[in-house]
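# Coordinate analysis (summary)
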Amino acid sequence: MKWNPFNTSVGLALGGGAAKGIAHIGVLKAFEEEQVKISCLSGTSIGALVAAYYAFGKSADDILKLGEQLSFKRMTSFNLIKMGGLFTTDQIRTMIHRDLGDVSIESANIPLAICTTDIISGEQVVFEKGNLADAVCASVAVPGIFVPVKVDGRTLVDGGIVENVPVSLLEDLGAGIIVGIDLNGVKKYPEPSGMIDVLSNAVDICMDLKTRDQLKCADIVVSLDLTHYSRSDNTHCIDKLVLEGYKPMKTKIRKLLWFKRANIVRYLFKVLREIIPLKIPELIKNRVKSTLPSIKFK
């Protein structure tokens, strides 16, 4: 719970979803059109990549130009040497270096947090500083498909295992109002068209129940029905997928603007909701959640 009723800064969490992440561009476009400032960003997997570009000054239109590259085939390199996966994230690293440079997360224009998972300890590893390409490549490294990324002695993989829509990271970055974008916001899954889709569906099913619980701490959630889009390649329908994020976010921004105006009222309501006797178990549950393992690079 956020205890500052005067803090109306907006934090945006972009969730994982592979090639469906093109929808995040539409979300950013809606914020730009409504001139709502994003004060901080967090991302997991493809959400980490899009958040990184936006945090380092790329506009929604700039990122849209990269849309044709946001497919599995174009973003991967087949691996014959390294252990732990069929593909490497070398192509993603090259793209980041080309477009943003070999930069550190702490030099971003907008405060940024990237969610990854330590595949050995099971801990959530959050990057708020350090090499941007290392963090993003780790966050997109789906276990079994991509080779894990080694950072500071840790073996890191896709952050979606622990938090697919990383709303919990935004409060530490200073957000007063938290917005979460869930690319897997429905309870059904697409017919797989290949090995990647089969594995992705399996991962999604495992993660989604946890995600729904984690999103309860967000103030606004945009859950997108992207069932009919592929996780591996949507380059033939980029404009349509961008609209899938744009239209719901435009609608939700009206609620966001009301939140900014009525934040003190919302704060008082939250206080009452937390302290009434019927909510004591919820307080205990939140305290237990806060003790779960998480490592941050600050």
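Everything numeric here is computed off the predicted structure, so don't read it as measured data.

All right, on to the overall build of the protein chain then. Helix and strand counts for the protein chain stand at 10 helices and 12 strands. For the protein chain, buried positions account for 54% of its 298 residues. Within the protein chain, contacts between residues at least 6 apart in sequence are counted, and of these 77% link residues at least 24 apart.

Moving on to the pairing of strand E6 (residues 124-127). Covered by surrounding structure in E6 are Gln124 and Val126 together with Val125 and Phe127, the residues of both alternating faces. When strand E5 (residues 112-118) meets E6, the two strands line up antiparallel, connected through 4 bridges. In the strand pairing of E6, Cys115 is matched with Val126. Counting the residues in the hairpin turn of E5 and E6 gives 5 residues, including Gly122, whose phi is positive at 80°.

A few words now on a nonpolar patch on the surface. On the surface, a cluster of nonpolar side chains totalling about 250 Å² of accessible area is made up of Leu86, Met195 and Leu199. Mapping Met195 onto the fold places it in helix H7 (residues 195-214). Relative accessible area serves as the criterion here: at 47%, Met195 is assigned to the partly exposed category.

In a regular helix each residue adds 1.5 Å, so 20 residues correspond to 28 Å; H7 covers 29 Å between its end C-alpha atoms and thus fits that length. A maximum bend of about 35° is found in H7 at Met207. Buried within H7 are the following residues: Ile196, Asp197, Ser200, Asn201, Asp204, Met207, Asp208, Thr211 and Gln214.

Here strand E11 (residues 220-223) shows one buried face, formed by Ile220 and Val222, and one open face, formed by Val221 and Ser223. Taken together, the 4 bridges between strand E10 (residues 177-182) and E11 define a ladder with parallel strand orientation. Its bridge partner being in E11, Gly180 is matched across the sheet by Val221.

About the thresholds
Residues numbered from 1 in each chain as written. Predicted model: local features only at pLDDT ≥ 70, side-chain atom pairs only at ≥ 80, totals over all residues. Heavy atoms only, no water. Helix = DSSP H or I, 4+ residues; strand = E, 2+ residues; numbered from the N terminus. Buried < 20%, exposed > 50% of the residue type's maximum accessible area, 1.4 Å probe, protein only. Contact = heavy atoms within 4.5 Å. Pairing = 2+ DSSP bridges. Patch = residues over 30% accessible without salt bridge, like charges linked within 9 Å, V, L, I, M, F, W, Y side chains within 5 Å. Areas by Shrake-Rupley, 256 points an atom, 1.4 Å probe, with all protein chains shown as cover. Salt bridge = Lys/Arg side-chain N within 4 Å of Asp/Glu carboxyl O. Expected span 1.5 Å × (residues − 1). Bend = angle between axes of the 7 residues up to and from the residue.

This is a description of form; function is not addressed.
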